[in-house]
Each structure stands twice: as C-alpha cells, then as structure tokens.
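Spelled out from the first residue to the last, the chains are:
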Amino acid sequence: MNRPYCLATVTCDNFATGTEILLYSFLKYNAWFNGDIVIFIDKLSSSNQTKLSAHYPVKFIKRTNQVEQAITRLRAHLPQLRSDLHLRLLSIETLRLAQYQKVVFLDSDGMCCKDMHDVFLNTTEFVAARDGFAYEHQANKLLEKSDYPLLQIPNSYGQSNFTNTFNSGFMAINNTYLNKIHYEGVVKLIDDIALWRDFGLKGFTDQMLLNIYFKDKVTLVDGRYNFMPFIEQYIHTLDKVTVLDAKFIHFAGLIKPWFNYNEQEILELAPHYLKYIQLWRDIWKECTLADDPQFAARSITQQYHWTEQHGASKPVSIHKLSV
C-alpha cells in the first residue's frame, strides 16, 4: 500500500540518541501518523538500527553513489572542507522520495512538542522556516526605526540580494519537487567549486545548496516550526513566538542535549540553553526510563521529599519584575 506521507531525517552513530528522541517525540504528539519514516544513513551500527526500529518500522536508505562521487571530486579541489561533509549532505536525499505526496524533513538534533498534522495537510509546495540570515534581514527593518545600529550581515550563502533564506532543519516538501530533476539539480551544485570556495568553507553545506537551488520557491513560516535556541531572541522578538508555542525545537549549532556539559560552562557560554536541554532530557527520560519501576519510584520519592521539605518555602530574594 502506498502511503501518502513520510517523515524523513538523517543520522549516524554519533546522532543516534538524538534521532531516537526525535522519533519518540514525533510519535508521542502525532498518534494519528501512519505514514512511512525514512532515515538516510551513511553508516549506522546494527544496534542503533535496532534501537530506532523499536519505535516504528523505519526504512533506512543509504545515499547515492552520485553524491559520493561528487563529494570525492569536490574534496580533490578543497581538501580543507569539513570532515563530515558526506553526512551533512544526506538531507538532499529527501528529494528522491518521489512516491509520497508530502515529505516532512526534521533534523535529528530536534524534538517535537506538538501535533504537526497541519504541516502534512498543507498543500504549499515547499515550506520552511527562516534561518539566521533571514531573521537578521528582518531585524534590520526594526532597527531602522530605533537608535541602534543595523546588523552587519554577510551575503547569505555568498549570494547578493538573498534575504528570504531558510534553515534546512525543517522542510515540508510536496511531490512537485520530489523527483529526479530537482534532486540532480541540487547535486550538480556540489561541483560548483567557486561556490564552496567562497562560502562553503564557512561550514554551510546542504542548507547552502538547497537555498540556492530553491531560491524564491520556498514559503517561509514562523519559528514555531523550527524553534532554534541558537537564535531564540530573534524568534521571540520578530515572530512573537516562545518555546511554549513551538512544534519543533531544533538544536542547531554545536550544543547537543545528549552530551553532558559542565553546567557552569553552559551558564557562562549559553545560559538560555539550559531550559531547552532540560526539556529534551525530560522526553529522553520518558523514552528510556519510564517503564523502569525503580526510576519511577525514585522520581516519585524525590518529588515527595521536595514537596514536604521545601514546597512551602518562600525565596528570601524576592523583587518585583521590571523591564
């Protein structure tokens, strides 16, 4: 039976825990979903494949030789490109999924927080949310009316007059673009040496290629659909969206919630990340430990003792909230 909808993502052994929480959280908030789940891989251990398949009958698909050969040619010219380039380009394989009416791609370093049925039902050909560049261009319109200087924004992905760009961590694509023509069109850009030399060395990969190929063809939605802690103030201020509105929280950037960090270092480097890491870990505990009676007993006991000992205690340092 052909299923009209597909959830797609990418993973590797280093991201497998993140991918598991993506799947668990998506299925938790989207119990209606009966489509396919596709995970694009380069290499993935059998144990991690088993772990991911335990949540849903996942289809694992490897990248094509076409992309692998293009990356090999590119590295011959630019050996200094990031070592995980082959993994970073896996998302463009989504365009090969021509058998579906709609494919929703979610990056594996994210978690779902709400129902996403509206995304699958949306008939718009390509939907995504703004990236940091697009938010900064939007921010400058606000700053023009203030006493603050304008943000200095480089040419997005090395292109001039390129302001409505998107982050590739969330993409909803219907079958207009899910075909060999568009897939090969994006793959051809891998051979554009000048493009990679001018901007690809900054670390942008699939997102750069997809933005250039699909320029002016993408409908941008607000940050509810791709809420990135990395740029939370842009999203709060410009979209009037908070984490309470988010349907998908995406840990774009270097801080990933499945790694342990020194809390003091995070407080100094990125204090706003702590609440998002905690949200992700709440779902991780639910996914991995909820059926463990000892874990449940310990959690209940901890809650009881805190309630009895500290629940009625009023903080001494109390002040009115001010702007």
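Okay, so let's go over this structure. (Residues numbered from 1 in each chain as written. Predicted model: local features only at pLDDT ≥ 70, side-chain atom pairs only at ≥ 80, totals over all residues. Heavy atoms only, no water.)

Some details on the state of the cysteines
By the definition in use, this model includes 0 disulfides. Of all cysteine sulfurs, the one in Cys112 lies closest to Cys287, which takes part in no disulfide; the gap is 13 Å. By relative accessible area, Cys287 is classed as buried at 17%. (Disulfide = S-S within 2.5 Å. Buried < 20%, exposed > 50% of the residue type's maximum accessible area, 1.4 Å probe, protein only.)

Comments concerning the nonpolar core
Of all hydrophobic cores here, the largest spans 45 residues; its most connected members are Phe126, Ile190, Trp196 and Leu209. The residues contacting Ile190, other than those within four sequence positions of it, are Val67, Ala70, Ile71, Leu74, Leu89, Ile92, Trp196 and Leu209. Counting residues in hydrophobic clusters, the runner-up holds 27 residues, among them Leu23, Ile39, Cys112 and Phe248. (Core = buried A, V, L, I, M, F, W, Y, C linked by side-chain atoms within 4.5 Å. Contact = heavy atoms within 4.5 Å.)

A look at the packing of aromatic side chains
What characterises a pair of aromatic rings is the spacing of the ring centres plus the angle enclosed by the ring planes. This structure, assessed with the given rule, holds 26 aromatic pairs. Seen from their ring centres, Phe26 and Phe33 are 5.1 Å apart, and the 80 degrees between their planes marks the pair as edge-to-face. Of the residues examined, Phe26 reaches a relative accessible area of 0% and is grouped as buried. Ring-pair connections join several aromatic residues into one group, and the members of that group are Tyr5, Phe26, Trp32, Phe33, Tyr56 and Phe120. When the ring centre of Tyr135 is taken as origin, the NZ or CZ atom of Arg130, which lies over that ring, is 5.8 Å away. (Phe/Tyr/Trp six-rings, centres within 6.5 Å; stacked < 30°, edge-to-face > 60°. Lys NZ or Arg CZ within 6 Å of the ring centre and 35° of its normal.)

Brief notes about the sheet that holds strand β7 (residues 166-174)
As summarised here, the arrangement of the 7 strands in space is β3-β2-β1-β4-β7-β6-β8, forming an open sheet in which the pairing is mixed. With one partner strand each, in any of the chains shown, β3 (59-62) and β8 (219-221) form the two edges of the open sheet. Each strand of the sheet is rotated relative to its neighbour by a mean of 30 degrees, with strand direction disregarded. Pairing of strand β4 (residues 102-106) with β7 involves 5 bridges; the strand directions are antiparallel. (Pairing = 2+ DSSP bridges. Helix = DSSP H or I, 4+ residues; strand = E, 2+ residues; numbered from the N terminus. Axes fitted to C-alpha atoms, helices over the stretch in contact; angles between N-to-C directions.)

A closer look at helix α12 (residues 273-289)
Look at α12: 23 Å from first C-alpha to last across 17 residues, which is about the 24 Å you get at 1.5 Å a residue. Within the span of α12, buried status applies to Tyr273, Tyr276, Ile277, Trp280, Ile283 and Cys287. Seen end-on, α12 carries its buried residues on one side only, within an arc spanning 125 degrees. Looking at the buried positions of α12, the neighbouring elements they touch are α1 (16-29), β5 (110-112), α10 (232-239), β9 (248-250) and α11 (263-269). (Expected span 1.5 Å × (residues − 1). Arc of directions from axis to C-beta.)

Quick notes on the pairing of β3
Looking at chain direction, strand β2 (residues 36-41) and β3 are connected through 4 bridges and run parallel. Bridge pairing in β3 places Ile39 opposite Phe60. One crossover worth recording links β2 to the parallel β3 by way of helix α2 (residues 46-53), and it is right-handed. (Right-handed = clockwise from strand over helix to strand, strands pointing away.)

So, the packing of helix α7 (residues 180-188) against helix α9 (residues 206-213)
A pair of packed helices is captured by two measures, namely the crossing angle of their axes and the spacing between those axes. Axis separation between α7 and α9 bottoms out at 9 Å; the angle between their running directions is 120 degrees. The orientation of α7 relative to α9 falls into the category oblique. Crossing handedness for the pair α7 and α9: right-handed. Of the residues in α9, those in contact with Ile181, His182, Gly185 and Val186 of α7 are Leu209, Leu210 and Tyr213. (Parallel < 35°, antiparallel > 145°, perpendicular 65-115°, else oblique. Left-handed = near helix turned anticlockwise from the far one by under 90°.)

Here's the deal with helix α13 (residues 293-310)
Its 18 residues place the ends of α13 25 Å apart at the C-alpha level, agreeing with the 26 Å of an ideal helix rising 1.5 Å per residue. With a side-chain oxygen lying 2.9 Å from the backbone nitrogen of Gln294, the N-terminal cap of α13 falls on Asp292. (Polar contact = N/O pair within 3.5 Å; in protein donor to acceptor, adjacent residues only side chain to side chain.)

Points about the side chain of Gln207
With respect to the helices and strands, the residue Gln207 is situated in helix α9. A distance of 2.7 Å separates polar atoms of two side chains, one belonging to Gln207 and the other to Tyr157. When neighbours within four sequence positions are excluded, Gln207 is seen to be in contact with Asp131, Tyr157, Phe166, Asn167 and Ser168.

Details of the pairing of β4
Most of β4 sits inside the fold, with 5 of its 5 residues counted as buried. The alternating pattern of β4 places Lys102, Val104 and Leu106 on one face and Val103 and Phe105 on the opposite face, and all of these are buried.

Section: the packing of helix α6 (residues 132-143) against α10
The interhelical angle for the contact between α6 and α10, taken along N-to-C directions, is 50 degrees, at an axis separation of 10 Å. Of the possible angle classes, the one that applies to α6 and α10 is oblique. Between α6 and α10 lies a crossing whose hand is left-handed. Where α6 abuts α10, its residues Gly132, Tyr135, Glu136, Gln138, Ala139 and Leu142 lie against Tyr234, Ile235, Thr237, Leu238 and Asp239.

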